[in-house]
Structure formats: C-alpha cells, structure tokens
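Each chain, written out:
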Amino acid sequence: MDFIDQSTAFLSSPIFEWIIKGALIYLGLLWFSVVLWVTRDVINRSNNVLFQTMVILTNIALPVFGLVLYMIIRPTKTLTEKYYEELEYNFLNEHEHEESCGRCEKKVKSDFLFCPHCEEKLKEVCWSCKHTYLDEYAVCPYCGKKEKSATRKPQAEQKKKQSKKTKK
Ligand SMILES: [Zn+2]
Ligand SMILES: [Zn+2]
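About the criteria used
Note on numbering: residues in each chain are counted from 1, in written sequence order. Chains carry letters from A onward and ligands carry numbers from 1 onward, assigned in written order. Totals for whole chains, interfaces and linings use all residues, but because this is a predicted model, local features are given only for residues with pLDDT of at least 70 and pairs of side-chain atoms are given and counted only at 80 or more. Numbered from the N terminus, helices here are DSSP runs of H or I no shorter than four residues, and strands are runs of E no shorter than two. Exposure in this text rests on C-beta crowding, where 20 or more other C-beta atoms within 10 Å of a residue's own make it buried, 12 or fewer make it exposed, and counts in between make it partly exposed. The C-beta atoms are placed from the backbone. We call two residues in contact whenever the C-beta atoms placed from their backbones are within 7 Å. The angle between two axes is taken between their N-to-C directions and runs from 0 to 180 degrees, where each axis is a line fitted to C-alpha atoms and a helix contributes only its stretch in contact. Charged residues are taken to be Asp, Glu, Lys and Arg, nonpolar residues to be Ala, Val, Leu, Ile, Met, Phe, Trp, Tyr, Cys and Pro, and polar residues to be all remaining types, Gly included. For classification, angles of less than 35 degrees are called roughly parallel, those exceeding 145 degrees roughly antiparallel, those between 65 and 115 degrees roughly perpendicular, and all remaining angles oblique. How sure the predictor is of each residue is captured by pLDDT, a score from 0 to 100.

Draft legend 1. Structural view of the overall build of the chain. Looking only at helices and strands, one finds 6 helices and 4 strands in the chain. Helices (α) and strands (β) of the chain occur, in sequence order from the N terminus, as α-α-α-α-α-β-β-β-β-α. A total of 168 residues make up the chain; the buried ones form 6% of that total. Contacts in the chain between residues far apart in sequence, at least 24 positions, make up 17% of those at least 6 positions apart.

Draft legend 2. Region of the structure containing the packing of helix H3 (residues 49-61) against helix H4 (residues 63-73). In the contact formed by H3 and H4, the axes pass within 6 Å of each other and the chain directions differ by 145 degrees. Where H3 abuts H4, its residues Val-55, Thr-58, Asn-59 and Ala-61 lie against Pro-63, Gly-66, Leu-67, Leu-69 and Tyr-70. Along the lines of polarity and charge, the residues of the contact of H3 with H4 split into 6 nonpolar, 3 polar and no charged.

Draft legend 3. Examining the packing of helix H2 (residues 14-45) against H3 more closely. Where H2 contacts H3, the axes come no closer than 10 Å and their chain directions differ by 170 degrees. As far as their axial angle goes, H3 and H2 are roughly antiparallel. Of the residues in H3, those touching H2 at Val-34, Val-35, Val-38, Thr-39, Val-42 and Ile-43 are Gln-52, Val-55, Ile-56, Asn-59 and Ile-60. For the contact of H2 with H3, a count of residues per class yields 8 nonpolar, 3 polar and no charged.

Draft legend 4. Spatial organisation of unusual backbone geometry. Positive phi, close to 70 degrees, is recorded for Glu-119, a residue that is not glycine. Structurally, Glu-119 is set in the loop between strand E2 (107-109) and strand E3 (123-125). Among the residues examined, Glu-119 registers 10 C-beta atoms within 10 Å and is labelled exposed.

Draft legend 5. Just the confidence of the model for the chain, in detail. Here the chain averages 85 in pLDDT, and 88% of its residues register 70 or above. Across residues 150-158, where pLDDT falls below 50, the model places 1 contact with residues more than four positions away in sequence or in other chains.

Draft legend 6. Region of interest: the environment of Leu-62. Along the chain, the position of Leu-62 falls in the loop between H3 and H4. Spatially, the C-alpha atom of Leu-62 lies 9.6 Å from that of Trp-31, the residues being 31 residues apart in sequence.

Next up, the structure:
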C-alpha cells in the first residue's frame, strides 16, 4: 500500500500541479501558434473569405484534427506563386504569336495578313482551303494549290527588291 500512498501524495503535491500547469501552458502556446500559422498560410493561398474563416474556425475548435484537415485540402500554390506563373504564361504566349515584318522589321502578330506599320503583305489566304501561309510561298503548303494571281507574283517580288534598294 506504500506505493499507492506515495502516488496519491505525489498527485496532490505542488510539484505535480506545476507539471500539469506547465503542460497546459505548452499545449496552449502550441495551439495558438498553429492557429496563427494556419491563418497566415490560408490568407497567402486563398482569396476566398468563407474558406479562410472555415479553416481558422476549425483550427480553433479542433486543434489537431483542424491542422491535419487543412494540410489535406490546402491549395498547393500561394497566390504570389500563381500570379508569377500567370505572368510568365502570358509573357510566353504573347511572344509566341509575334514575328517581325520582313520589310520594316517591326513586330507583327502571326495572324496579321498585312504589316500595320508599312502596309507590306505578310500572308496569303488560300483561295481553296482558306488557310493562311507566308506570302513568299509559291503554293499553299496545306493543299498545294497555286495562288490565283501567281502569274503576277514574280513582278511583285521584283518590285519589293527595287523598293528596298531605292530606300537604302
Ligand atoms: Zn512592316
Ligand atoms: Zn490551300
């Protein structure tokens, strides 16, 4: 019976009380920092106020479960990461659709038929299959048909060369 007596004496001793208090304070701080971290993280990752509130409230009410749940459903990318990814994507796309005019060398979009700066004809629209292709091609690369006004083409090209020479 000595052991039980000792145990009950220990349980009612001030040392045990301190250990319990210390543990409670530690758990309280842990809970508080988890809530703080989750709050900051969810604000970085989502713009949805309802989602933010739900996540924060779950973590306040159900400490461990709330954190595990949040780690499962949290968005993989922060809003800043998303923003830069979009920026990069738009940048790449813009430059993919850009070429330079053969005459004035200014930037033109790849679907332009004429250069808006110097009025140079850039692309031909096939009369047969309606595809657009480079003006310098002799035949449509999609269906092989010749341009209807093909007979005029060599002259036009000579003119181009002449105008280039006179310009310089
Ligand atoms: Zn041009
Ligand atoms: Zn064609």
